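Listed here are the chains, written in short residue letters.
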Amino acid sequence: MKYKITDADSFKIKVEYDDGSWAQIPTAANMILRDYLLNIQAFTPKNGVSTDDLPIKVGDEGTVGEIPEDPTDGTAIYDYKTARGECYPDVVFQVEAEYQARNGDDSMQKGLDGNIALIKAKFPVSDTLLTWTQWEAARKELIADSNWYEED
């Protein structure tokens, strides 16, 4: 799809696409040409969204910075794989644990392996979906478990 830049100011550029759609791309001092081109691609309209389906409406008001804790608005979206993945130890810690274990100290590896076992027990293979609130409560229970290994 072709595009044309039709307007620009210090806050945004307007991009018109050859299908008649358009987008406003935010500008930033640290963006390079590649960043703009990636944004032009990302903002390419594929399928419009009905304004009736948007979680925010014209006329809504609020205070900047007041963001609900639940980013999903109560929608059940966490399957067991996602729930586990959000709790697994960071890959940097896993690599460090492997390195230490290869060099004779397997305490970190055993700790992380214990955490993974706790995570798998907390989120067994299942078709059940969790809300963010359910997942967050389960995550807090994991961290509070006396067997939870604290990564340094």
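What you see is a predicted model, and the numbers here were worked out from it, not measured in a lab.

(A) Structural view of the pairing of strand 1 (residues 3-8). Two elements, strand 1 and strand 2 (residues 12-17), share five bridges in a ladder whose sense is antiparallel. Paired with D7 across the two strands is K14, which belongs to strand 2.

(B) Structural view of the sheet that holds strand 1. Reading across from one edge, 1-2-3 is the order of the three strands in this open sheet, with antiparallel pairing throughout. Single-partner strands in this sheet number two, and they are strand 1 and strand 3 (22-26). Across the sheet, the mean angle separating the axes of adjacent strands is 30° when strand polarity is ignored.

(C) Representation of the pairing of strand 3. Taking every second residue as pointing to the same face, the buried face of strand 3 carries A23 and I25, while none of W22, Q24 and P26 on the other face is buried. As paired elements, strand 2 and strand 3 share five bridges and run antiparallel to each other. By the bridge assignment for strand 3, K12 is matched with P26. Between the antiparallel neighbours strand 2 and strand 3 lie four residues, among them G20 with a positive phi of about 95°.

(D) Here's a closer look at the side chain of N115. In this fold, N115 is placed in helix 4 (residues 107-122). A polar side-chain atom of N115 sits 2.8 Å from the main-chain amide nitrogen of Y149. With near-sequence residues (within four places) excluded, N115 lies in contact with N147, W148, Y149 and E151.

(E) Layout of the nonpolar core. Of all hydrophobic cores here, the largest spans 11 residues; its members are Y78, A83, C87, L118, I119, F123, W132, W135, A138, L142 and W148. For this core, the secondary structure elements donating two or more residues are helix 2 (80-87), helix 4 and helix 5 (132-144). Top contributing element to this core by residue count: helix 5, with four residues. Each residue touching F123, except ones within four places of it in the same chain, is listed here: Y80, A83, R84, C87, L130, W135, A138 and L142.

The rules we used
Sequence positions are assigned chain by chain, starting from 1 and proceeding in written order. With the structure being a predicted model, the display of local features is reserved for residues of pLDDT at least 70 and the display and counting of side-chain atom pairs for 80 or more, all residues being used for whole-chain, interface and lining totals. Side-chain measures were taken over the full set of non-hydrogen atoms in the model, leaving aside hydrogen atoms and water. The pairing criterion is simple: DSSP has to find at least two bridges between the two strands. Numbering goes from the N terminus for both helices and strands, where a helix is a DSSP run of H or I of at least four residues and a strand is a run of E of at least two. Fitted lines through C-alpha atoms serve as axes, helices being fitted only where they are in contact, and the angles separating the N-to-C directions of these axes extend from 0 to 180 degrees. Think of it in three bands: residues with accessible area under 20% of the maximum for their type are buried, residues over 50% are exposed, and the middle band is partly exposed, with areas taken using a 1.4 Å probe on protein chains only. Any pair of N or O atoms that falls within 3.5 Å is considered a polar contact. Within protein, one atom must be able to donate a hydrogen and the other to accept it, and sequence-neighbouring residues count only if both atoms are side-chain atoms. Only heavy atoms matter for contacts: two residues are in contact if any of them lie within 4.5 Å across the pair. Take the buried residues of types Ala, Val, Leu, Ile, Met, Phe, Trp, Tyr and Cys, join any two whose side-chain atoms come within 4.5 Å, and each joined set is a nonpolar core.

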